[in-house]
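Below are the chains, spelled out letter by letter.
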Amino acid sequence: MLHIGCHLSSAKGYEAMGRVALSIGANTFQFFTRNPRGSKSKTIDVQDITRFLKLAENNGFGILLAHAPYTLNPCSADPKVTRFAAQVLQEDLALMEYLPGSLYNFHPGSHVGQGAEKGIELVASQLNDVLSSGQTTTVLLETMSGKGSEIGKTFEELAAIIERVELKEKLGVCLDTCHVYSAGYDLVNRLDSVLEHFDSVLGLKRLRAIHLNDSMTPFASFKDRHETIGKGSLGEQTFINLINHPVLRELPFFLETPRDEAGHGQEIAWLKEHYRA
Ligand code: FE
Ligand code: FE
Ligand code: ZN
């Protein structure tokens, strides 16, 4: 079965997100743990979460994906920024335990001139501070497009972070199709070899989720501009190949395309139509 959802606003709570997901044909979704550009965490509404978990169980939802705020930069040169990152990670991972066994994705961050090596060390040391052996959440590093001084534009950089983390079993990778294509991994013409490369550098067992986005910019542009499925430089056939690939087809797929709820519903319907039984 295709596990498919999109990014939803968490403004109205978990049960509300679950209902929106159902209304657009999704069986999972992604959400921000807090305002993506702000900092304040919301108070945890346990009753709302309980109602959501019931709804999810009754409707056979797949694994959920939470996304850390964009303002999180664990490898900044500014100690104020890294302290904020540590606090957010700590609070978010505590929140995630109310949704046991879910995924939590974050951008490794931007090294802002310190160099990739230094950035990799800083991210790994933050992860060593916040991960705990008792957590049920898997923390995902997202593959990035490499705009500015972003870390995570190569599989090797992500592997170098994981390498330095003690509780590696708590880590995975979320592959963003727009980002990797922008970063120079040719999903259009060489999907098999990209996945083989992923396997040799990171191991396919680390691959836990896919951000399914087309791209407004050409191959290896090192930009980050999401496009509607099939309308960008990846094109329809690439998405048919992605969702049906034997290595990927059981993973959860999350749309982050520039569409409203109805538009996401159309994309989901199209993907379901092209998913081979
Ligand atoms: Fe992201
Ligand atoms: Fe993404
Ligand atoms: Zn992006």
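Please refer to the structure higher up on the page.
Below or above, wherever it landed, is the structure these notes cover. In this text, all values refer to a predicted model and were calculated from it rather than measured experimentally.

1. Some words on the overall build of the chain
In step 1: Secondary structure summary: the chain contains nine helices and ten strands in total.
In step 2: Against the globule reference of 19 Å for 277 residues, the chain gives a C-alpha radius of gyration of 18 Å, in line with a compact fold.
In step 3: Seen through its principal axes, the chain has C-alpha atoms that stretch 50 × 45 × 30 Å.
In step 4: In the chain, buried positions account for 56% of the 277 residues.
In step 5: In the chain, once contacts between residues fewer than 6 apart in sequence are set aside, the share between residues at least 24 apart is 76%.
In step 6: A total accessible area of about 11800 Å² is found for the chain, and carbon and sulfur atoms account for 51% of it.
In step 7: Taking the average place of the 27 positive charges on the side chains of the chain and the average place of its 33 negative ones, the gap between the two points comes to 3 Å.

2. So, the coordination of the zinc ion (ligand 3)
Geometry reference: four tetrahedral donors at a metal, ideal angle 109.5 degrees. Six octahedral donors, ideal angles 90 or 180 degrees.
In step 1: Those donors, His179 (NE2), Asp224 (OD), Asp224 (OD) and His226 (NE2), are the protein atoms that reach the zinc ion (ligand 3), and they lie 2.0 to 2.8 Å from it.
In step 2: Bound by four donor atoms, the zinc ion (ligand 3) shows angles of 50 to 139° at the metal and therefore irregular coordination geometry.
In step 3: Mapping the donors of the zinc ion (ligand 3) onto the primary sequence gives the spacing H-x44-D-x1-H.
In step 4: In this structure, the zinc ion (ligand 3) lies 5.3 Å from the iron ion (ligand 1). Of this pair, His179 sits in helix H6 (residues 177–182) while His226 sits in strand S9 (residues 226–227), and the two are 47 residues apart along the sequence.

About the cut-offs
Each chain carries its own residue numbering, running from 1 in the written order of its sequence. Chain A is the first chain written and ligand 1 is the first ligand written, with later ones labelled in order. In keeping with the predicted nature of the model, local features appear solely for residues at pLDDT of at least 70, side-chain atom pairs appear and are counted solely at 80 or more, and the whole-chain, interface and lining totals rest on all residues. Water and hydrogen atoms were dropped before computing side-chain values, which therefore reflect all heavy atoms in the structure. Each helix corresponds to a stretch of at least 4 residues labelled H or I by DSSP, and each strand to a stretch of at least 2 residues labelled E; elements are numbered beginning at the N terminus. This radius of gyration counts C-alpha atoms alone. The globule rule is 2.2 Å times how many residues there are, raised to the power 0.38. Type-normalised accessible area, obtained with a 1.4 Å probe on protein chains alone, sets the label of each residue: buried when under 20%, exposed when over 50%, and partly exposed for intermediate values. We call two residues in contact when some of their heavy atoms are within 4.5 Å. Only the protein chains shown count as cover for residues, and the accessible areas themselves come from Shrake-Rupley with a 1.4 Å probe. In this charge count, Lys and Arg are treated as positive and Asp and Glu as negative; neither His nor the chain ends contribute. For this purpose, a charge sits on NZ of Lys, CZ of Arg, CG of Asp or CD of Glu. Donor selection uses N, O and S atoms within 2.8 Å of the metal (3.2 Å for Na, K and Ca). Since no water is included, sites may look incomplete. Any site counts as irregular unless it has four donors with all angles between 85 and 135 degrees, making it tetrahedral, or four or six donors with opposite ones more than 155 degrees apart and the rest between 65 and 115, making it square planar or octahedral.

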